[in-house]
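Residue strings, one per chain:
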There are 2 protein chains.
Amino acid sequence: MSKSNNVYKDAYNRGLRLLDETRSLPSEPELGTLLGVSRTTVRTILARMEETGLIDWNKRSKTVLREPRPDDFFPEDETDTLAEIIERSFMRRLLAGGAEAGMQINELELAREIGVGTTSVREFLIRFSRFGLIEKRRNSHWVLKGFTRAFALELTEIREMFELRSAAAFAALPEDSPVWADLDSLEDEHRLLAREIAVRFNAFSELDERFHRLIHRASHNRFIVDFYDVIAMIFHYHYQWNKAQERERNEVAVQEHLAYIAALKSRDLAKVDAACRKHLKSARHTLLTSIPEGRQPLRA
Amino acid sequence: MSKSNNVYKDAYNRGLRLLDETRSLPSEPELGTLLGVSRTTVRTILARMEETGLIDWNKRSKTVLREPRPDDFFPEDETDTLAEIIERSFMRRLLAGGAEAGMQINELELAREIGVGTTSVREFLIRFSRFGLIEKRRNSHWVLKGFTRAFALELTEIREMFELRSAAAFAALPEDSPVWADLDSLEDEHRLLAREIAVRFNAFSELDERFHRLIHRASHNRFIVDFYDVIAMIFHYHYQWNKAQERERNEVAVQEHLAYIAALKSRDLAKVDAACRKHLKSARHTLLTSIPEGRQPLRA
DNA sequence: AAAATGTTTTTTCACGATAAAAGACATTAT
DNA sequence: ATAATGTCTTTTATCGTGAAAAAACATTTT
């Protein structure tokens, strides 16, 4: 086996959802942009849609014949990229205990366990190394540095430095910058979520990421923007395993975001700084309490 | 062909240098640590040394028979790792003009041109991507972002943020920390270089890196420490192609370093801050003047 | 018994090969 | 003439493979 056709399968599933909305599909290039794939893949998708009787396809005409049924969709897990599969397996191992700092990581073993080639695992580890959790020994194995309190402190130190700077840059943006509209709509989403927090509290993490990314982008600095990938990755997994008081935590965070947004809109740098610090402080606290480790590192 | 034996060849060359110093070689494990390779490689080296009549090898006894001649050494270029070869080729293309921003990078073409497999090129590009000069389009090619003025400004912005913080942390280190001794010996090296600057000015870049890495390490933050890799990489190539007023620039930098060191030793945070800022300002200026680009970005 | 050497096994590194996906070119339809 | 479709070519993603290098195990020497 060489390459899975998950790109096709994922695009096909997304394509099925388009059938509900229209009587006939647009042109091939248009579908390509819509689904984010090449025309080659679009044609493979159309071919199958015709085969399964979903559409009638003849050159430019692509008439919808019937609505897609649940069994028309490819199974969810066949649409994942290899990188996603490897990351999930790796993180499960890492968080499911038994992952002591200093432990060595074996490419071959990982590859066998996940059922993929070594090349993919190697590439994953190289990409993953920028998160600061693993390190390579020159022509030898990888070493796990562990998701420790020290790691969390180092991460949040940078995060705070970057976000304070980005927030200040954001507040200084001209009136006519499109980010203000983005901020307004994020504010609306926050208000909506605040009202429905009891039932939709788990929708927060996604909103959280969009909000912070918007702020970081104001820095106009690729290193700051890219660093948010590290934070996002950590918080993504953190949300999955630390469910304690999730509702309460998110409720507090939404309110902090709203205060933060208000401060940004005021363009008062002192207020922005205060609101930003307050939110980051509680975000750090949440992260730290979820790391079980008795002893605090020496450097406070 | 599968894997070159550059590890062996490089270790062999370094091993030859040991022959000058002793009558007989130490044990295999000891040689392994000394050369930074496994015992397997040590034994391959010893086998060849015996074959070429350099030593007499019988179990524990490894008697030196003669001094190594120049032709005993493997050629320099056979001791490079593939990663080094690829990086050099890539940077040469990137700096040798014709590398416009937005240009796309072709893995296969690069691999063919350098004469290596595609896997190695892919892995190199993934590793290299953290420098912020290239970016991957999801299941498609890489895009060159270009070594532009904007890049240099973003890089130096982070550098200044990190170094000011590290320098402050450094100055706050306790009296008995071993870094003060390191700083002292670096100071000596700087004084020595200052005296011989006329003839040894090109020894500065290596000293520069060691000095700044020492300071960054005081942050005790892996993200700050790792970020110096980006700076080091840029400066490494920058030094190679911008030779204008190299001697003068380095002379100034050495003096700035000495002032910076004095400030650190005084532990006066205000002085540290001032000396650090002054040096970083001229470093930024040097880097910026070497980038030919008329228009300055809008965000000043 | 501790440390070295001798031997075998495992892992890493790098390649060529192959299917999926993208992209380029030629042709046809509006 | 522009934009779509049809066809062919190139590139990317992934695997299995084999040599280099590391690591583990067994045996001998001090």
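About the criteria used
Residues numbered from 1 in each chain as written. Chains lettered and ligands numbered in written order. Predicted model: local features only at pLDDT ≥ 70, side-chain atom pairs only at ≥ 80, totals over all residues. Heavy atoms only, no water. Near = heavy atom within 4 Å. Polar contact = N/O pair within 3.5 Å; in protein donor to acceptor, adjacent residues only side chain to side chain. Helix = DSSP H or I, 4+ residues; strand = E, 2+ residues; numbered from the N terminus. Pairing = 2+ DSSP bridges. Least-squares fit on C-alpha atoms with pLDDT ≥ 70 in both. Contact = heavy atoms within 4.5 Å. Domains from an automatic or database assignment. Buried area = accessible area lost by both parts, 1.4 Å probe. Salt bridge = Lys/Arg side-chain N within 4 Å of Asp/Glu carboxyl O. Nonpolar A, V, L, I, M, F, W, Y, C, P; charged D, E, K, R; others polar. Expected span 1.5 Å × (residues − 1). Buried < 20%, exposed > 50% of the residue type's maximum accessible area, 1.4 Å probe, protein only. Phe/Tyr/Trp six-rings, centres within 6.5 Å; stacked < 30°, edge-to-face > 60°. Axes fitted to C-alpha atoms, helices over the stretch in contact; angles between N-to-C directions. Parallel < 35°, antiparallel > 145°, perpendicular 65-115°, else oblique. Left-handed = near helix turned anticlockwise from the far one by under 90°.

**As for the protein's contact with DNA strand D**
Turning to step 1, where the next piece is worked out: Neighbouring DNA strand D are 42 residues, the closest being S2(A), R39(A), R43(A), T41(B) and R122(B).
Turning to step 2, where the next piece is worked out: Per the 4 Å cut-off to the protein, sugar and phosphate atoms form 71% of the nearby atoms of DNA strand D.
Turning to step 3, where the next piece is worked out: V7(B) is positioned such that a nitrogen or oxygen atom in its backbone is 3.0 Å from a phosphate oxygen of DNA strand D.
Turning to step 4, where the next piece is worked out: Contacts to DNA strand D include T40(B), whose side-chain N or O atom sits 2.7 Å from a base nitrogen.
Turning to step 5, where the next piece is worked out: Listed by contribution, the elements that provide at least two residues to the surface near DNA strand D are α2 (28-35), α3 (39-51) and α6 (118-128) of chain A together with α1 (6-21), α3 (39-51) and α5 (107-114) of chain B.

**A few points about the protein's contact with DNA strand C**
Turning to step 1, where the next piece is worked out: The local shell around DNA strand C holds 40 residues, among which S2(A), T41(A), R122(A), R39(B) and R43(B) are the closest.
Turning to step 2, where the next piece is worked out: Within 4 Å of the protein, the atoms of DNA strand C are drawn from sugar and phosphate moieties in a proportion of 71%.
Turning to step 3, where the next piece is worked out: With respect to DNA strand C, the backbone of V7(A) contributes an N or O atom lying 2.9 Å from a phosphate oxygen.
Turning to step 4, where the next piece is worked out: Taking R122(A), its side chain carries an N or O atom lying 2.3 Å from a phosphate oxygen of DNA strand C.
Turning to step 5, where the next piece is worked out: Elements with a contribution of two residues or more to the surface near DNA strand C: α1 (6-21), α3 and α5 (107-114) of chain A together with α2 (28-35), α3 and α6 (118-128) of chain B.

**A word on the sheet that holds strand β4 (residues 134-136) of chain A**
Two modes of strand pairing occur in sheets, parallel and antiparallel, and in both the strands are linked by backbone hydrogen bonds.
All names here are of chain A.
Turning to step 1, where the next piece is worked out: Pairing is antiparallel across the open sheet formed by three strands, whose spatial order is β3-β5-β4. The strands lining the two open edges of the sheet, one partner per strand, are β3 (104-105) and β4.
Turning to step 2, where the next piece is worked out: Relative to strand β5 (residues 142-144), β4 runs antiparallel, the two sharing three bridges. Each bridged residue has a counterpart across the sheet, and for I134 the counterpart in β5 is L144.

**Quick word on the sheet that holds strand β4 (residues 134-136) of chain B**
Turning to step 1, where the next piece is worked out: If you walk across this open sheet you meet the three strands as β3-β5-β4 (chain B), and the pairing is antiparallel. Each of the sheet's edge strands pairs with one partner strand only, and the pair in question is β3 (104-105) and β4 of chain B.

**Some remarks on the relation of the copies chain A and chain B**
Turning to step 1, where the next piece is worked out: Structural alignment of chain A on chain B gives an RMSD of 0.2 Å, achieved by rotating through 180° and translating 0.0 Å along the axis. Expressed as a symmetry operation, the mapping of one chain copy onto the other fits a two-fold axis. Taking C-alpha positions as reference, the residue of chain A nearest the rotation axis is E123(A), located at 3.1 Å.
Turning to step 2, where the next piece is worked out: A share of 100% of the interface residues of chain A reappears at the interface of chain B, consistent with the copies meeting face to face through the same patch.

**With respect to the domain arrangement of chain A**
All names here are of chain A.
Turning to step 1, where the next piece is worked out: Domain boundaries assigned for chain A yield domain 1 (6-77), domain 2 (81-144) and domain 3 (149-289).
Turning to step 2, where the next piece is worked out: Look at where the C-alpha atoms of domain 2 and domain 3 centre, and you get two points 29 Å apart.
Turning to step 3, where the next piece is worked out: With nine residues of domain 2 at the interface, the matching set in domain 3 holds eight residues.
Turning to step 4, where the next piece is worked out: Three residues stand out in domain 2 for area buried against domain 3, namely L95, R130 and F131, and they jointly supply 58% of the buried area on that side.
Turning to step 5, where the next piece is worked out: At the junction of domain 2 and domain 3, the tally comes to one salt bridge.
Turning to step 6, where the next piece is worked out: Across the pair R130 and D229 runs a salt bridge, and its minimum N-O distance is 2.7 Å.
Turning to step 7, where the next piece is worked out: Linking domain 2 to domain 3 there are two residue pairs in polar contact (both at pLDDT 80 or more).
Turning to step 8, where the next piece is worked out: For the side of domain 2 that touches domain 3, the element with the highest residue contribution is helix α4 (residues 82-95), accounting for four residues.
Turning to step 9, where the next piece is worked out: Split by residue class, the side of domain 2 that touches domain 3 holds five nonpolar, one polar and three charged.

**Side note on α1(A)**
All names here are of chain A.
Turning to step 1, where the next piece is worked out: With 16 residues, α1 should cover 22 Å at 1.5 Å per step; its first-to-last C-alpha distance of 24 Å lies within 8% of that length.
Turning to step 2, where the next piece is worked out: Burial in α1 covers these residues: N6, Y8, K9, A11, Y12, N13, G15, L16, L18 and L19.
Turning to step 3, where the next piece is worked out: Looking at the buried positions of α1, the neighbouring elements they touch are α2, α3, β1 (55-58) and β2 (61-64).

**What about the packing of aromatic side chains?**
Turning to step 1, where the next piece is worked out: Evaluated as defined, the whole model comprises 29 aromatic pairs over all chains.
Turning to step 2, where the next piece is worked out: Centroid distance Y12(A) to F74(A): 5.2 Å. Interplanar angle 70°. Geometry classified as edge-to-face. One end of the pair, Y12(A), is in helix α1; the other, F74(A), is in the loop between β2 and α4, with 62 residues separating them in the sequence. In this pair, the class of Y12(A) matches that of F74(A), namely buried.
Turning to step 3, where the next piece is worked out: A ring pair is formed by F90(B) and F124(B), whose centres lie 5.4 Å apart and whose planes are at 65°; its orientation type is edge-to-face. One end of the pair, F90(B), is in helix α4 (residues 82-95); the other, F124(B), is in helix α6, and 34 residues separate them in sequence.
Turning to step 4, where the next piece is worked out: The buried category is assigned to F124(B), whose relative accessible area is 4%.

**With respect to unusual backbone geometry**
Turning to step 1, where the next piece is worked out: Positioned with a positive phi, R267(A) is a non-glycine residue whose angle comes to about 60°.
Turning to step 2, where the next piece is worked out: A relative accessible area of 29% means that R267(A) is categorised as partly exposed.

**Digging into the packing of helix α7 (residues 149-171) of chain A against helix α13 (residues 269-289) of chain A**
For any two helices packed against each other, one specifies the crossing angle of their axes together with the interaxial distance.
All names here are of chain A.
Turning to step 1, where the next piece is worked out: The geometry of α7 relative to α13 is characterised by a closest axis approach of 10 Å and an angle of 160° between their N-to-C directions. As judged from the angle between their axes, α7 and α13 are roughly antiparallel. Note on packing geometry: the crossing formed by α7 with α13 is right-handed. Residues R149, A152, L153, L155, T156, R159, E160, E163, L164, A167, A168 and A171 of α7 touch α13, and the partners they reach there are L269, V272, D273, C276, R277, L280, A283, R284, L287 and L288.

**Section: the interface of chain A and chain B**
Turning to step 1, where the next piece is worked out: In this assembly, 29 residues from chain A lie in contact with 30 residues from chain B.
Turning to step 2, where the next piece is worked out: Counting each side, the surface lost to burial between chain A and chain B is near 2,800 Å², with a carbon and sulfur contribution of 56%.
Turning to step 3, where the next piece is worked out: The interface formed by chain A and chain B contains six salt bridges.
Turning to step 4, where the next piece is worked out: Residues R222(A) and E154(B) are paired through a salt bridge, measuring 2.7 Å at the closest nitrogen-oxygen approach.
Turning to step 5, where the next piece is worked out: Where chain A touches chain B, the interface holds twelve residue pairs in polar contact (both at pLDDT 80 or more).
Turning to step 6, where the next piece is worked out: Among the secondary structure elements, those contributing two or more residues to the side of chain A that touches chain B are α6, α7 and α11 (222-241) of chain A.

**Some thoughts on the pairing of strand β1 (residues 55-58) of chain B**
Residue and element names in this part refer to chain B.
Turning to step 1, where the next piece is worked out: Only one face of β1 is buried, namely the one carrying I55 and W57, since none of D56 and N58 on the opposite face is buried.
Turning to step 2, where the next piece is worked out: When β1 meets strand β2 (residues 61-64), the two strands line up antiparallel, connected through four bridges. Paired with W57 across the bridge in β2 is K62.
Turning to step 3, where the next piece is worked out: The loop that links β1 with its antiparallel partner β2 comprises two residues; one of these, K59, has a positive phi angle of about 55°.

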